[in-house]
Structure formats: C-alpha cells, structure tokens
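Listed here are the chains, written in short residue letters.
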Amino acid sequence: MQLAYTIKEAAKQLGCGINTMYDMVNSGEIRSFRFGKKIMIPTNAVEEVIQQGTKERLQELGKEIYENQSSN
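These figures come from a predicted structure and were not determined experimentally.

K.L.:
Sorry, what's going on with helix 1 (residues 7-14) here?
P.N.:
Since one α-helical turn is 3.6 residues long, residues separated by three or four positions face the same way. Looking at helix 1, one finds that the buried residues are I7, A10 and A11. The buried residues of helix 1 occupy an angular sector of 100° when the element is viewed end-on, so they sit on one face. Among the exposed residues of helix 1, those oriented more than 90 degrees off its buried face are K8 and K12. Tucked into the core, helix 1 has its buried residues touching strand 1 (4-6), helix 2 (18-27), strand 3 (38-42) and helix 3 (43-71). Just past helix 1, the residue G15 takes up positive phi, approximately 70°.

Next comes the structure, spelled out in structure tokens:
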C-alpha cells in the first residue's frame, strides 16, 4: 500500500504537469512533506484535491442547470 507519491506520481494521478504540482505544493494548495531531498505528497492529500475538484465541478453544474431553468 502506497502512503505517498512523488511529485511526478502525484501529477500523473491529478492529470497535471510537474510544474503545476510544484506550484500547488509551494502555495500550500496540497499538503506535502520532505523525505530526504524528495518532496512527497500523501495519497490522501491527492484524494482530497480530487474530491474538492469534484465538489466544485458539481456546484458549477448545479448553477448552470439552475440558470438554464431560470432562463426558460
């Protein structure tokens, strides 16, 4: 069972680039820790970002549906 991802692995899981992952780490958008010289991302931190993104997308869809119904 994998407990943490490298930057490259986390980027692959999230479908983004390595530079975007470094930006997310540096801004505190995703939790991370250092293991020696490597930056590691806990697997549950990646899951939280995915869930947050899904939640935000569902909220956007809900607004779009409401706006479409209001305009009819």
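We are not done yet, so read on.
K.L.:
Honestly, the pattern of salt bridges in this entry has me stumped. Any pointers?
P.N.:
Where charged atoms of side chains with opposite charge meet at close range, the side chains can pair. Scanning the model with the defined rule gives one salt bridge in all. Across the pair E48 and R31 runs a salt bridge, and its minimum N-O distance is 3.2 Å. Highlighted residues: E48 in helix 3 and R31 in the loop between helix 2 and strand 2 (33-35), separated in sequence by 17 residues. Take E48: its relative accessible area is 41%, and that puts it in the partly exposed class. Taking the relative accessible area as the measure of exposure, R31 reaches 40% and is therefore partly exposed.

K.L.:
I would appreciate a short explanation of the sheet that holds strand 2 in the present structure.
P.N.:
The pairing of strands in a sheet happens through backbone hydrogen bonds and is either parallel or antiparallel. Taken in spatial order, the three strands make up an open sheet running 1-3-2, and their pairing is antiparallel. At either margin of the open sheet sits one strand with a lone partner, and together these are strand 1 and strand 2. The sheet shows a mean angle of 45° between the axes of neighbouring strands, direction not considered. In terms of strand pairing, strand 1 meets strand 3 through three bridges, oriented antiparallel. Each residue of the ladder has a partner; that of Y5, found in strand 3, is I41. Most of the contacts of helix 3 go to strand 3, to which it runs at about 60°, and overall it touches strand 1 and strand 3.

K.L.:
Help me understand the packing of helix 1 against helix 3, please; the structure alone is not making it clear to me.
P.N.:
When two helices pack together, their arrangement is captured by the angle between the axes and the distance separating the axes. It is the contact of helix 1 with helix 3, at a shortest axis distance of 10 Å, that shows an interaxial angle of 25°. Taken together, the axes of helix 1 and helix 3 are roughly parallel relative to one another. Once helix 1 is placed against helix 3, the crossing between them reads as right-handed. Contacts between helix 1 and helix 3 pair A10, Q13 and L14 from the former with V46, V49 and I50 from the latter.

Basis of the calculations
Residues numbered from 1 in each chain as written. Predicted model: local features only at pLDDT ≥ 70, side-chain atom pairs only at ≥ 80, totals over all residues. Heavy atoms only, no water. Buried < 20%, exposed > 50% of the residue type's maximum accessible area, 1.4 Å probe, protein only. Helix = DSSP H or I, 4+ residues; strand = E, 2+ residues; numbered from the N terminus. Arc of directions from axis to C-beta. Contact = heavy atoms within 4.5 Å. Salt bridge = Lys/Arg side-chain N within 4 Å of Asp/Glu carboxyl O. Pairing = 2+ DSSP bridges. Axes fitted to C-alpha atoms, helices over the stretch in contact; angles between N-to-C directions. Parallel < 35°, antiparallel > 145°, perpendicular 65-115°, else oblique. Left-handed = near helix turned anticlockwise from the far one by under 90°.

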